[in-house]
Amino acid sequence: PLLEVELAEPRAYGGAVHMAQSPTGGATLVTDRDDCAEIKGHRSCSQEPMYVNTSAWYRRAMSASAGQQFWDGPSFTRHRSNSLMCSGFCWHSAYALAEVITIGDGQNLSQTGNAQG
């Protein structure tokens, strides 16, 4: 199953948007972008930088062209990332599918979805 989705701008990094399933079954949206307060409810700003631009898939996407996609992994991701009791038993292996897509005025964005592995 698809566990999470991340969007980031490789050409002029201004932060990222992360969406994952919430413990209640809905979706959580968190961002470290400067304009995060514009999201309805004003509760989606991350408490600290998400550092998406330091990840392996992000660095690889920097040299990719629009329309290119690739798999990244395996890596480890936190299942139930909102749980306070998750220091050692909530981790599982995952793979990410990254794709460079063109949106609007031609600015490239990268999208990844981590599937449980």
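Our structure is the block above this text.
Residues numbered from 1 in each chain as written. Predicted model: local features only at pLDDT ≥ 70, side-chain atom pairs only at ≥ 80, totals over all residues. Heavy atoms only, no water.

Caption draft 1: Layout of the overall build of the protein. Within the protein, the secondary structure is distributed over one helix and six strands. Going from the N terminus to the C terminus, the protein shows its helices and strands as β-β-β-α-β-β-β. For the protein, with 117 residues in total, the buried portion stands at 32%. Considering only contacts in the protein between residues 6 or more positions apart, those separated by 24 or more positions represent 40%. Accessible area for the protein stands at about 7,600 Å²; split by element, carbon and sulfur atoms hold 53% of it. (Helix = DSSP H or I, 4+ residues; strand = E, 2+ residues; numbered from the N terminus. Buried < 20%, exposed > 50% of the residue type's maximum accessible area, 1.4 Å probe, protein only. Contact = heavy atoms within 4.5 Å. Areas by Shrake-Rupley, 256 points an atom, 1.4 Å probe, with all protein chains shown as cover.)

Caption draft 2: Quick look at the nonpolar core. Membership of the largest hydrophobic core is limited to ten residues, which are Ala-8, Ala-16, Val-52, Trp-57, Tyr-58, Ala-61, Ala-64, Phe-70, Ala-98 and Val-100. At the level of elements, α1 (56-61) and β5 (91-103) are the ones that each hand at least two residues to this core. Here Ala-16 is in contact with Leu-7, Ala-8, Val-30, Thr-31, Asp-32, Arg-33, Met-50 and Val-52, once residues within four sequence places are set aside. (Core = buried A, V, L, I, M, F, W, Y, C linked by side-chain atoms within 4.5 Å.)

Caption draft 3: Structural view of the side chain of Ser-55. With respect to the element layout, Ser-55 can be found in the loop between β3 (27-31) and α1. In this structure the side chain of Ser-55 is engaged in a polar contact, spanning 2.7 Å, whose partner is the backbone oxygen of Val-52. (Polar contact = N/O pair within 3.5 Å; in protein donor to acceptor, adjacent residues only side chain to side chain.)

Caption draft 4: Quick look at the pattern of salt bridges. Evaluated as defined, the whole model comprises one salt bridge. Close ionic contact of Asp-35 with Arg-33 constitutes a salt bridge, the shortest N to O distance being 3.1 Å. We classify Asp-35 as partly exposed; its relative accessible area is 31%. We classify Arg-33 as partly exposed; its relative accessible area is 25%. (Salt bridge = Lys/Arg side-chain N within 4 Å of Asp/Glu carboxyl O.)

Caption draft 5: Representation of the side chain of Asp-72 within the structure. Inspection of the secondary structure assignment puts Asp-72 in strand β4 (residues 69-78). Leaving out residues up to four positions away in the same chain, Asp-72 has contacts with Ala-56, Trp-57, Tyr-95 and Ala-96.

Caption draft 6: Molecular detail of the packing of aromatic side chains. Taken as a whole and assessed by the stated rule, the structure comprises one aromatic pair. Ring centres 6.0 Å apart and planes at 75 degrees place the aromatic pair Trp-57 and Tyr-58 in the edge-to-face group. Classification of Trp-57 by relative accessible area gives buried; the value is 6%. When its relative accessible area of 4% is taken as the criterion, Tyr-58 is described as buried. (Phe/Tyr/Trp six-rings, centres within 6.5 Å; stacked < 30°, edge-to-face > 60°.)

Worth remembering: the numbers are spatial, not functional.
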